[in-house]
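# Results of the structural survey
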Amino acid sequence: MRLEKSFKLALNILFHSKLRSWLTIIGIVIGVAAVVAIVSIGEGLQQNVQNRLSGLGADIITISPGGGRAAGGFRGFGDHNMEQTSAIKSSPKNLTKRDIQLIASIDNAKVVHGSVSAKGAAYYLGETATVSVNGIEPAEWKEITTSELESGRFLGPSDYGMIIVGSRIAQKTFKQPLVINRMITIEGKPFKIVGVLKESGGPGGDDNKIIMPINAARDTLQDIGNEKFDSIIIKAENADAVDSLLADIDAKLVLARHLTEKTKDYNLQSSKQAQERMASIAQTMTLFLGAIAAVSLIVGAVGIANTMFTSVLEKTKDIGIMKAIGARNTDILMIFLLNAALVGMTGGILGISFGAGISSLIPSLGLRMIGPGGGEMTTVISIKLLAEALLLSIGIGMTAGVIPAYRASKLRPVDALRYE
Amino acid sequence: MKSPIIQLEKVWKTYKVGEAPVHALQGVNLEIHRGEFIAIQGPSGSGKSTAMNLIGCLDIPTQGAIYLDGQNISELSESDLAQIRGRKIGFIFQKFNLIETLTALENVTLPMIFQGIPEQEQLKRAKKLLEQFGLGDRMHHKPNQLSGGQQQRVAIARSLAVEPAVILADEPTGNLDSKTGHDVMKFLRELNTKEHKTIVLVTHDDELARHADRIAFLKDGTIVKDIKVRGG
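Being a predicted model, the structure only gives us computed values, none of them experimental. (Residues numbered from 1 in each chain as written. Chains lettered and ligands numbered in written order. Predicted model: local features only at pLDDT ≥ 70, side-chain atom pairs only at ≥ 80, totals over all residues. Heavy atoms only, no water.)

### Observations concerning the overall build of chain B
- In terms of regular secondary structure, chain B is built from seven helices and ten strands.
- Pairs at least 24 apart in sequence give 67% of the contacts found in chain B among residues at least 6 apart.
- Carbon and sulfur atoms provide 48% of the accessible area of chain B, an area that totals close to 10200 Å². (Helix = DSSP H or I, 4+ residues; strand = E, 2+ residues; numbered from the N terminus. Contact = heavy atoms within 4.5 Å. Areas by Shrake-Rupley, 256 points an atom, 1.4 Å probe, with all protein chains shown as cover.)

Take a look at the structure:
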């Protein structure tokens, strides 16, 4: 008997199955939906990280204060200020002008830029809010940033009282959007908005920041001081030079600051390293959550096996009839195996639809990612994920159906025909 | 001389009921020739159902040999038996035994599906058979939408689908009223006379058995009488 025919008969059984079969299918639907939704969140997380870090550019190295990896390992992820606030707590701002000059003298360092950041109280059209402020050197910042302008212009060297704002802060912080040529008061000083940035795409970027010249930031914000920097960002001549540059910077800093590996008081990280680390964290998280969701799939599989056993029992007479009119054991086996596969597939398709539905609703709920990243939660539903989920559910159906189908195939026709 | 299409040689069938062996058939010898219409008649418990199962290749004997078309089926595997059933035997059951979820047409094509007959051919044959049995307008009805007589006619059409050498009818009128039962027997008779099908009718009913050309009486697992009631 050809497979196509077994398939038709299996389909016939499925269409005539009772409510019980559909309940079984729901078990698979829930499991698959959970897996699809969770994995899509995980993949979204991974993509966010990629976006965020590729936004930094592959040729970027970041130095931040802090000892060892624990304090500043997530430098590349999410909102600057929150991490740096925590870095401040564990170690003082200790990057200096001298460090910048030292690094600038290294061959492959194309641009070296020191920046400061802090929170400040902003007042705009009758409203107040706390905002994150980055103090930057306008000339160098232009070289290293990947942000683009929505309107207005970048800061110039003599723009002391001027700022540019990130897209999110421009749109969402105050009732009235921040637009160019408007004035905003930060820590009691007036600033003129000269530029609004485009949305960076990723959850990080400069979307949540106000950017002002570093000298203005030092004069305006507290806790910044006059000498120290919160981070130094180095742009390499090209992406290939990053690794050697990283080593050179490390060697020079250790020497100049009289440190050893153990007493190191700064973090040095290329965007590539950060990307790899975050990707691996995101992957582990996805795997972990996926495994939890998979438990419900196992429960679903047991349900299918159970229903299949009952179905074989119910169909005993039909099996006897089919055997009497010439069905071989393998024909019966195929019919029931395909039936189980179809149960799995139906559950899979419905589950994928639900899972995809749930996952596409998540971003619109405005949930934010847990942890210091704080970016908006997005999800990615790839064709690969859907194909895998479908194959998985078919596989589960078939695995669960093997034993019942085998039993059905082994029924003696005489006994099966007698069954009422 | 024509070789028999079915031959039972000292056939024993023993079942175990608890510890005690029960001999359903005890050394049965029987030859059925091509084109014969034979009734195996006996009261309940006589072993006629067992005989039908063995002739129909649904089961194998405990002892002895059964030849179908010259082939000894006593030693075949279940898969080989299925092949033989599918090709050489058409079953008609008392309770029709149609598959409830399939239409009349699908029920008739089913044995052909198992034989790997091409789909076009399946449909052509099934439609022709259903029309032959006056079910041309009932092809797409499910068994529960058909009367008992109609269901049995579908079952007869199904039994003929693979053009088997032998039609095995087990109390084919048992669930039908007398008129419909009569019609069914008329169909069987026609199959025998017009298409020269070998027909084995298994029944407890005297009157029904008299439709056959020959009656083998089964009692307590042995054939006690084998008589010709008509024909040469």
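After that view, the rundown keeps rolling.
### Looking at the nonpolar core
- Of all hydrophobic cores here, the largest spans 77 residues; its most connected members are Phe336 of chain A together with Ile6, Leu110 and Val200 of chain B.
- If sequence neighbours within four positions are ignored, valine 200 of chain B has contacts with Ile6, Ile32, Ile38, Ile40, Val166, Ile167, Leu168 and Ala169 of chain B.
- Judged by nonpolar contacts, the second largest core, of 46 residues, contains Ile106, Ala109, Val133 and Leu246 of chain A. (Core = buried A, V, L, I, M, F, W, Y, C linked by side-chain atoms within 4.5 Å. Buried < 20%, exposed > 50% of the residue type's maximum accessible area, 1.4 Å probe, protein only.)

### So, the packing of helix α3 (residues 104–114) of chain B against helix α4 (residues 119–132) of chain B
Residues and elements named next belong to chain B.
- In the contact formed by α3 and α4, the axes pass within 9 Å of each other and the chain directions differ by 130°. If you check the angle between α3 and α4, you find them oblique. For α3 against α4, the interelement crossing comes out right-handed. On the side of α3, the interface is formed by Ala104, Leu105, Val108, Thr109, Met112 and Ile113, while α4 contributes Gln122, Leu123, Arg125, Ala126, Lys127, Leu129 and Leu130.
- Among the residues forming the contact of α3 with α4, the class breakdown is nine nonpolar, two polar and two charged. (Axes fitted to C-alpha atoms, helices over the stretch in contact; angles between N-to-C directions. Parallel < 35°, antiparallel > 145°, perpendicular 65-115°, else oblique. Left-handed = near helix turned anticlockwise from the far one by under 90°. Nonpolar A, V, L, I, M, F, W, Y, C, P; charged D, E, K, R; others polar.)

### Quick notes on the environment of alanine 10 of chain A
Residues and elements named next belong to chain A.
- Looking at the element boundaries, alanine 10 is found in helix α1 (residues 3–15).
- As for alanine 10 and leucine 342, which are separated by 332 residues in sequence, their C-alpha atoms are 7.7 Å apart.
- If we ignore the near neighbours within four places in the chain, the residues touching alanine 10 are Ile335, Leu338, Asn339 and Leu342.

### What about the interface of chain B and chain A?
- Listed by partner, the interface residues are 29 residues for chain B and 27 residues for chain A.
- Together chain B and chain A conceal approximately 2400 Å² of surface at their shared face, both sides included; 59% is due to carbon and sulfur atoms.
- Our enumeration of links across chain B and chain A arrives at one salt bridge.
- Listing elements by their share of the side of chain B that touches chain A, those giving two or more residues are α2 (78–88), α3 and α4 of chain B.
- It is α2 of chain B that provides the largest number of residues to the side of chain B that touches chain A, a total of six residues.
- Here the side of chain B that touches chain A is built from residues that sort into 13 nonpolar, eight polar and eight charged. (Buried area = accessible area lost by both parts, 1.4 Å probe. Salt bridge = Lys/Arg side-chain N within 4 Å of Asp/Glu carboxyl O.)

### Some details on the layout of surface pockets
- Roughly 700 Å³ of internal volume is contained in the largest pocket.
- Every residue lining the largest pocket is counted, 30 residues in all, and those nearest its centre are Arg418 of chain A together with Ser49, Met52, Asn53 and Asp170 of chain B.
- The biggest single contributor to the lining of the largest pocket is helix α1 (residues 48–55) of chain B, with five residues.
- Taken together, the residues that form the lining of the largest pocket break down as ten nonpolar, twelve polar and eight charged. (1 Å grid on protein atoms, 1.4 Å probe; cavity = no way out; pocket = protein on both sides within 12 Å on 5 of 7 lines; lining within 4 Å. Points joined across faces, edges and corners; volume = space filled by probe spheres on them.)

### Brief notes about α3 of chain B
- Among the eleven residues that make up α3 of chain B, ten are buried, leaving the element largely enclosed by the rest of the structure.
- Inspection of α3 of chain B places Ala104, Leu105, Asn107, Val108, Thr109, Leu110, Pro111, Met112, Ile113 and Phe114 of chain B among the buried residues, and these make up the whole buried set.
- Tucked into the core, α3 of chain B has its buried residues touching α1, α11 (316–324) and α12 (329–361) of chain A together with α4 and α5 (148–160) of chain B.
- Downstream of α3 of chain B by one or two residues, glycine 116 of chain B has phi in the positive range, about 70°.

### Regarding the sheet that holds strand β2 (residues 20–32) of chain B
Residues and elements named next belong to chain B.
- The four strands are arranged β2-β1-β4-β5 in an open sheet whose pairing can be described as antiparallel. Each end of this open sheet is capped by a strand with a single partner; those strands are β2 and β5 (71–72).
- In this fold α1 packs onto β1 (6–17), β2 and β4 (63–68), with an angle of close to 120° to the strand it touches most, β1. (Pairing = 2+ DSSP bridges.)

### Structural notes on the pattern of salt bridges
- The tally for this structure, following the rule as stated, stands at 22 salt bridges over all chains.
- We note a salt bridge from lysine 235 of chain A to aspartate 59 of chain A, for which the minimum N-O separation is 3.6 Å. Separated by 176 residues along the polypeptide, lysine 235 of chain A in strand β9 (residues 231–236) and aspartate 59 of chain A in the loop between α2 (19–56) and β1 (60–65) bring together distant segments of the chain.
- Exposure remark for lysine 235 of chain A: the relative accessible area of 16% places this residue in the buried category.
- On the basis of relative accessible area, aspartate 59 of chain A is assigned to the buried category, the value being 16%.
- Of the charged contacts, one joins glutamate 388 of chain A and lysine 384 of chain A as a salt bridge, the two residues approaching to 3.6 Å between their closest N and O atoms. Placement of both glutamate 388 of chain A and lysine 384 of chain A in helix α13 (residues 383–409) is noted, with a separation of four residues, approximately one turn of the helix.
- Several salt bridges converge on common partners, so that one network encompasses Arg412, Asp415 and Arg418 of chain A together with Lys13 and Asp59 of chain B.

### A few points about a nonpolar patch on the surface
Residue and element names in this part refer to chain A.
- On the surface, Leu19, Trp22, Leu23, Ile26 and Ile30 cluster together into a nonpolar patch covering about 520 Å² of accessible area.
- Mapped onto the secondary structure, leucine 23 falls in helix α2.
- For leucine 23, a relative accessible area of 51% corresponds to the exposed category. (Patch = residues over 30% accessible without salt bridge, like charges linked within 9 Å, V, L, I, M, F, W, Y side chains within 5 Å.)

### Looking at the sheet that holds strand β3 (residues 37–41) of chain B
Residues and elements named next belong to chain B.
- The sheet built from six strands is open, its strands ordered β6-β7-β8-β3-β9-β10 with mixed pairing. Two strands lie at the open edges of the sheet, namely β6 (89–92) and β10 (222–228), each paired on one side alone. Mean inter-strand twist for the sheet, computed between neighbouring axes without regard to direction, equals 20°.
- When strand β7 (residues 166–170) meets strand β8 (residues 198–203), the two strands line up parallel, connected through five bridges. Bridged to aspartate 170 within β8 is valine 202.

### A few points about the confidence of the model for chain B
Residues and elements named next belong to chain B.
- Scored by pLDDT, chain B has a mean of 92; 98% of the residues are at 70 or more.
- Mean pLDDT values over the elements of chain B span from 90, in helix α6 (residues 178–195), up to 96, in β3.
- Listed scores for the predicted complex are pTM 0.69 and ipTM 0.92. (pLDDT = per-residue confidence, 0-100.)

### Here we look at the packing of aromatic side chains
Residue and element names in this part refer to chain A.
- Per the stated rule, a full pass over the model turns up four aromatic pairs over all chains.
- On the numbers, 5.3 Å between centres and 55° between planes, the contact of tyrosine 124 with phenylalanine 174 is tilted. Of this pair, tyrosine 124 sits in strand β2 (residues 109–124) while phenylalanine 174 sits in the loop between α7 (167–173) and β6 (183–186), and the two are 50 residues apart along the sequence. In terms of burial, tyrosine 124 and phenylalanine 174 fall into one category: buried. (Phe/Tyr/Trp six-rings, centres within 6.5 Å; stacked < 30°, edge-to-face > 60°.)

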